[in-house]
Amino acid sequence: MDGDRVEIDGGIMEGGGQILRVSTALSCLLGLPLRVRRIRAGRSQPGLRPQHLSGLEIVRDLCDGKLNGGEIGSTEITFTPGKIKGGTHIADTKTAGSVCLLMQVAMPCVLFAASPSELRLKGGTNAEMAPQIDYTVMVFKPIVEKFNFTFNCDIKKRGYYPQGGGEVVVQMSPVKELSPINLTERGTVTKIYGRAFVAGALPIKLAKDMSAAAVRCIRKEIRDLYINIQPVREPDDQAVGTGSGIIIVAETSTGCLLAGSSLGKRGKNSDKVGIEAAEILLKNLKHGGTVDDSLQDQLIIFMALAKGVSRVKSGPITLHTQTAIHFAEQLTKAKFTVTKSEEEDPSNDTYIIECQGMGMINSNL
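All values reported here derive from a predicted model rather than from experimental measurement.

S.K.: Report on the UniProt feature "binding site: ATP" (unreviewed entry) in the protein chain, specifying residues and quantitative values.
M.R.: Mapped onto this numbering, the UniProt entry annotates "binding site: ATP" (unreviewed entry) at Q104. Of note, Q104 is situated in helix α3 (residues 99–110). Those residues in contact with Q104 that sit more than four places away from it in its chain are R21, P131 and Q298. Polar side-chain contacts of Q104 include one of 3.3 Å to the side chain of R21.

Right, dumping it as structure tokens:
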């Protein structure tokens, strides 16, 4: 620490934008001044990209903080948080940078604001290397709300690579504290549903092909379940640019939601897009955990902030999750343990992520 500034090495472990998101959100919540060095050191284009900068700027604005080094390409920033306030906040990546990643950094902060917040997030809604907005609404939202808060997510416009131009409005009210979660019982899969979408210049036939290919792939493993993957064409006035993709969700008897998703791109066969999403879903169902690989790391910051002990059963721990745990422990008093789950079925590669949360209290309420 320099004076009382927490020093973060942004180049270790996963070494990407996630380190920035977790540490800036926690810095804002805990009132800890922060310095992050070696930002995205291992990436082909190190330093801040537009969506990382937008994420930093929205957190700065949420709490009237001070940000130094906030330029595209910068590999070091310092951040001094102020007091978190509600109200309307706008973040615009001006690219196809993911609105879901902007949501990831801002959401924990506004939960502990003094009044309700509206986040107007602009950029890509269905971007590579990030959760699709459909995933955020269909899987992340219902599960994260188990921490005892709710939010509203309104997709105003979808935006695709390369220009972005999507807009999502998130509304949420602050809470006094977060409750711990216990997601350790998988149950049995009761239904499988999803949406295959096309937008812009693409014909609905591609969505139908993605859906049909995904259903055929799942049928090989799961025969007796109705699978409903809706092919849709996004209305022209609600989509910017041309894009396609698919998300498939499996719901279980205990309320778990696991998903597989994939995006189309030029030259990629639509059957392949559907099969890719189906295979990711099947892989997530195979390990026996209650959360899929994409949700695993997104729950860590909430587990760290909650009051009491949270337990989540997952498949193999991803590097993203290990990274989130490392920085959550470095910045909060939360304590995580990861143990191999004692399974009846030894072929299941499952783990219990347990966290004694720090019990963050919203002093504004």
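S.K.: Outline helix α1 (residues 17–30), supporting the account with residue identities and numerical values.
M.R.: For α1, built from 14 residues, the straight-helix expectation of 20 Å at 1.5 Å per residue is met to within 8% by its first-to-last C-alpha distance of 20 Å. The element α1 is largely enclosed, with a buried count of 13 among its 14 residues.

S.K.: Could you give me a rundown of the UniProt feature "active site" (unreviewed entry) in the protein chain, with the residues and numbers involved?
M.R.: UniProt's entry tags H320 with the feature "active site" (unreviewed entry), counted in the numbering of this structure. Tracing the backbone shows H320 in helix α9 (residues 319–331). When near neighbours in sequence (up to four residues on either side) are disregarded, H320 contacts E14, Q18 and D297.

S.K.: Go over the sheet that holds strand β6 (residues 117–123) with me, naming the residues and quoting the values.
M.R.: Spatially, 5 strands are ordered β5-β6-β8-β7-β12 in an open sheet, and the strand pairing comes out mixed. Pairing within the sheet leaves two strands with one partner each, and these edge strands are β5 (87–92) and β12 (239–240). Where strand β7 (residues 151–159) lies against β12, 2 bridges are found, and the strand directions are parallel. Bridge pairing in β12 places G159 opposite V240. Each of β5, β6, β7 and β8 (166–172) is contacted by α3, which is oriented at about 160 degrees to β6, the strand it contacts most.

S.K.: Can you tell me about the packing of α1 against helix α2 (residues 50–62), naming the residues and giving the values?
M.R.: It is at 10 Å that the axes of α1 and α2 come closest, and there the two elements cross at 5 degrees. In terms of orientation, α1 and α2 fall into the roughly parallel class. For the pair α1 and α2, the contacting residues are G17, L20, R21, T24 and C28 in the first and H52, L56 and V59 in the second. Classifying every residue of the contact of α1 with α2 gives 4 nonpolar, 3 polar and 1 charged.

S.K.: Hey, could you go over unusual backbone geometry for me, with residue numbers and the actual values?
M.R.: Look at the link from Y161 to P162: it is a cis peptide, with omega at 5 degrees. Mapped onto the elements of the fold, P162 is located in the loop between β7 and β8. Although it is not a glycine, R38 adopts a positive phi angle of roughly 50 degrees. Within the element layout of this structure, R38 appears in the loop between β2 (34–37) and α2. Backbone geometry places D64, a non-glycine residue, at a positive phi of 50 degrees. As for its position among the elements, D64 is in the loop between α2 and β3 (66–68).

Cut-offs and rules
Residues numbered from 1 in each chain as written. Predicted model: local features only at pLDDT ≥ 70, side-chain atom pairs only at ≥ 80, totals over all residues. Heavy atoms only, no water. UniProt positions renumbered as here; feature names shortened; annotations may be inferred. Helix = DSSP H or I, 4+ residues; strand = E, 2+ residues; numbered from the N terminus. Contact = heavy atoms within 4.5 Å. Polar contact = N/O pair within 3.5 Å; in protein donor to acceptor, adjacent residues only side chain to side chain. Expected span 1.5 Å × (residues − 1). Buried < 20%, exposed > 50% of the residue type's maximum accessible area, 1.4 Å probe, protein only. Pairing = 2+ DSSP bridges. Axes fitted to C-alpha atoms, helices over the stretch in contact; angles between N-to-C directions. Parallel < 35°, antiparallel > 145°, perpendicular 65-115°, else oblique. Nonpolar A, V, L, I, M, F, W, Y, C, P; charged D, E, K, R; others polar.

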